[in-house]
Every structure is written in structure tokens, then in C-alpha cells.
Amino acid sequence: MLSPSLNPFDNLLLSSLTAAVPIVLFLLCLTVFKMKGIYAAFLNLGVTFLIAALIFKLPLPEAAGSVVQGAIQGMWPIGYIIVMAVWLYKISVESGKFEVLRASIGGISNDKRIQLLLIGFCFNAFLEGAAGFGVPIAICAVLLVSLGFKPLEAAMLCLIANGASGAFGAIGIPVAITGTLNLEGNVTAMDVSMLTALTLPIINFTIPFLLIFLLNGLKGIKDVLPAILVVSSIYTISQAIITVFLGPELADIIPSLMAMGALALFLRKWKPKHLLLHGEQQTEIKKYPLQEVIKAWSPFYLLSLFVLIWSLPAFKTLFAEGGPLAFTKITFPIPGSSLISALDLVSATGTAILLAVLTTILTAKGFGFAKGFALFTKTISEFWIPILMICFILGIAKLMTYAGMTAVLGEAMATTGGAFPLLAPILGWIGVFMTGSVVNNNTLFAPMQATAATILGTNPALLVSANTAGGVMAKLISPQSIAIAAAAVGETGKEADLMKMTIKYSFGLLAFVCVWTFILSLFF
């Protein structure tokens, strides 16, 4: 905190209400005033700057430096990761690899329940980890519809399935971003990643059962129980191991690949006794040679390999102070302020994805760097606004942190005492429902969660992970997710119907996260 005044009104209630203005205004701009996210973020950045400087007495140079620091971190490493991940996905689509990849999954079984596990759950999680930002819900819902699923049914199932992977979308950004926020208690992204393993595995294991129940009732669960257990067990266990020992970056990608592969192998020896088939509207799926299928998956094999190497402690040591590659980290002061910023040119996760991109371009037959660069510019043109919005929101978060606004809000929330861990996930749920993004939610609310936890004597990483988990449960019904899903399946205008189909599951999963977080807070 760089502000001389934590409690400018000498009244905790008034000071905390003032500190909450940017958050309340941001949510009102999105919901009541129906402003675009970029305009809402820019307006609130200005409001936060004025409150921080005029009321909380944050010196103007430090206030300006806070905004600059937030913008730098929004572009690097966050924006870097987003652009590289989406660029790789676009190359996969444009080169024809993605079509082969989709067919290789859809052609494994003609049983609706198995297709739902493979596409609605596993492939959904894989795309969430590799690209995120609405890509998995849109693609998987369309693919299920092409196989014969009803449009709204497919959209609902994909939204619910996304609850198992939303915490680690786009190479783990929702959790990774917490490491850029200078949280109370020196909470790192790795700390948050490890603590998610106390809650999310329970949800992840349950969701495949829920999906099959919604599709085919208890009879469906009984018929394909072995397949459900294969998917649930492998996905849940492998994700828990990765989040604890490697971090958030590959927590969706590797588990989903392992679960898909394991189920495909399992289906060679086992078939459901009673098949649940589609009607005549099912689309014929083209068969591809095994060699072509293997090549089609290569961009994502490479992605997993390079990100895995970048996540290894031995690799990270190369860039630590005194390490042989430490010179690749550029640290510099922000002019006019006491703040510093840094650019990890090589050790950033985005560089690992860039290597996967370049290797894919070099090995893709008849593709070339000209097409690759065209897709890069297209990616930039599509995502510069979301990245700029992230920069604005990070600027708001930095201003609130350095001005002491986060601290006073945390202190106010801590007045709820031991009941706060029960309520902490609700804050995350509200954040994602309003912003549509677990990244934005953690940027806004993780600092408050960490501050309140420190005051209460609770593990701050636990409440930040609860903020993440609670937020993911809102992705099922956030207006942004609902709009993407409805549009993808050609049901624009039926968003209200889709929300009615998913809302009770969002509330039910949130209730579990709340109660479970409270129980965990008694031990951590």
C-alpha cells in the first residue's frame, strides 16, 4: 500500500462503501446500463483513479504508475498468452487439422452418452484449456448438434460440462493472473492452484455423472457407468496432480487428453449393452487414417510438451536470479513512481505456446508463414479489445491495492467473522455472472478475499481458490456464456429458456462450494 490513509473517513463503513464504488459501478454499467465491457472498464478506471488520488490520497505519480503497471501486466504475460493460444487454435482450423481432430472424436462411438462424455466433457475441457473465451462451448455444442443432439439440450450440457474446466481456461490464466496481483500473505498462483485441488476434484468427478443423468436418467448412468468412471477418475486425479505439482497452465489440457485417450482405448474392449442412438438427423462422420489423425493432434501435443517444459522447476531455475538465462528477464522502474515492472521474454508461458505455433507452421503441409502471419493479425484484430479491457481492469486492481481500497474492503468483509468463508464463493459467483470472465473476477475480488482471510487468520490462498471455484459455477449462466451457447446452436432469442435449464445446477454447485469452503476453513 502506497497511500498514507487506509481509512480516510475514520469510519470503516464509510471508507469501505467509498472503496466499493468502482466495483458496484462496474457491475451496474454491465447490467443496468448495458454498456460494453470495454467502456465500463475504461469509465471505472477513471473513477477509481479519482477516488484513489482524491479520497485515499494516493500520490498522483504512484496512481499513474499503478495504471501503467496494470497495463503492462495485462499485455505481458496475460495478453501474450491469449494471442498465442488463439493463434495456435486458428492455425489448427485453417490447416484442416481441426476438422480431422473433431471427426476422430465424434467417430469413436454412435452412443449418445459416450459422445457426450467425449465431446461435451473431454473435448470441451481440452478446448477450454487450449483457447478458452467461449470457444469450447460454441464448438462442442455445434458438434453435438451435428451428431443429432437437440440444440438447446446440447448448449445446456456444454455449459454444465464447462464447470469442470473453467478455472484453468486459456492455459490457466484465471489462476495464473492471481500471481500478478501482489496479494496479502504473499499468495502466489501456485498456492492458489494447489488449494483448488481441495474443492474442484469433487465437482469434476461429479459432473460426468450429472451430464449422463440429464441426458438419460439413472438408467443411462447404469448403462455406461464403467465409461463414466474411466472419464471421471482419470480427469479428476490427473488434474489434481497437475495443479498441485506443476501449476494451472496444463490443468485442463493434459487431463482431458488423457481421459479422451483412456475412454477411446476402453471402448475397444467394452461397449454399452443398450445403445442410446440418435434419430435420422445424425450427420455422417468422415473417417480418416490413423496417421492423419495423429498429425491433426500435433499442434496440441506440441503445446502440451512445451508448456510442460516451461512449468518444470528445473527450467524455471534457469531464469532465476543468478541463473544462466536471467538476462532474458527485463526489470525496469515505472517513470515517476516507486513501482517496478518486468518482462519475462523467454520464461513467459506465451513463449512456450509460440514455439508450438512456429513448429506447427513449419510442419503443416502447404501452410507457410504468410498464412500464419495473416492469422496472427486476425487474432490481434479480434482480441485487442478484450486484452485492452483486461489492462483496464488490472489497472483498477492495482489502484485499489496501492491506495488501500482493497485493504479497507477486506477489513469490512472480515467483520462478518467466521462466517465469511461461507460467503466468499458467492462473491466470486457474482463477479463472473456480471463480467462473464473468471479472469476479471479474480482480478477484481481476489485481493479482497486475500485481505479478509489474512485479517481473519484463514489461509488467504483458500479463499482466493474459493473465489475462483465460486466464479466457475457462474459460467453456467453468465449472460455472456448463455449468449454464445444460444447463438452457436442457432437458437438466438431463446437465451431465457437456456438459462432456466441451467440455473438450478449453477446454484446447486455454488451451494456445495460455499459449504465445503467453510468446512475447509476450519482446518486451514
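Everything numeric here is computed off the predicted structure, so don't read it as measured data.

**Considerations on helix α4 (residues 60-94)**
Taking 1.5 Å of rise per residue, the 35 residues of α4 would be expected to cover 51 Å, and the 48 Å separating its terminal C-alpha atoms lies within 8% of that figure. At Gly-79, α4 shows its largest bend, some 45°. Positive phi shows up at Gly-96, right after α4, with a value of about 90°.

**Remarks on the side chain of Thr-451**
Residue placement: Thr-451 occurs in helix α21 (residues 438-456). When its relative accessible area of 7% is taken as the criterion, Thr-451 is described as buried. Setting aside anything within four residues of it in sequence, one finds Thr-451 in contact with Glu-184, Thr-406, Ala-407, Gly-410 and Glu-411.

**Overview of the environment of Lys-329**
Here Lys-329 lies in strand β1 (residues 329-333). Along the primary structure Lys-329 and Val-346 are separated by 17 residues, whereas in three dimensions their C-alpha atoms are 7.6 Å apart. What Lys-329 contacts, discounting residues up to four positions off in sequence, is Ala-342, Leu-343 and Asp-344.

**So, the packing of α4 against helix α17 (residues 349-363)**
One way to put it is that α4 packs onto α17 with a least axis distance of 8 Å and a crossing angle of 20°. Here α4 lies roughly parallel to α17, going by the angle between them. Seen from above, α4 lies across α17 with left-handed handedness. Across from Tyr-80, Ile-81, Met-84, Ala-85, Trp-87, Leu-88 and Ile-91 in α4, the residues of α17 making contact are Thr-349, Gly-350, Thr-351, Ile-353, Leu-354, Ala-356, Val-357, Thr-360 and Ile-361. Per-class residue counts for the contact of α4 with α17 are 12 nonpolar, four polar and no charged.

Rules used in this analysis
Residues numbered from 1 in each chain as written. Predicted model: local features only at pLDDT ≥ 70, side-chain atom pairs only at ≥ 80, totals over all residues. Heavy atoms only, no water. Helix = DSSP H or I, 4+ residues; strand = E, 2+ residues; numbered from the N terminus. Expected span 1.5 Å × (residues − 1). Bend = angle between axes of the 7 residues up to and from the residue. Buried < 20%, exposed > 50% of the residue type's maximum accessible area, 1.4 Å probe, protein only. Contact = heavy atoms within 4.5 Å. Axes fitted to C-alpha atoms, helices over the stretch in contact; angles between N-to-C directions. Parallel < 35°, antiparallel > 145°, perpendicular 65-115°, else oblique. Left-handed = near helix turned anticlockwise from the far one by under 90°. Nonpolar A, V, L, I, M, F, W, Y, C, P; charged D, E, K, R; others polar.

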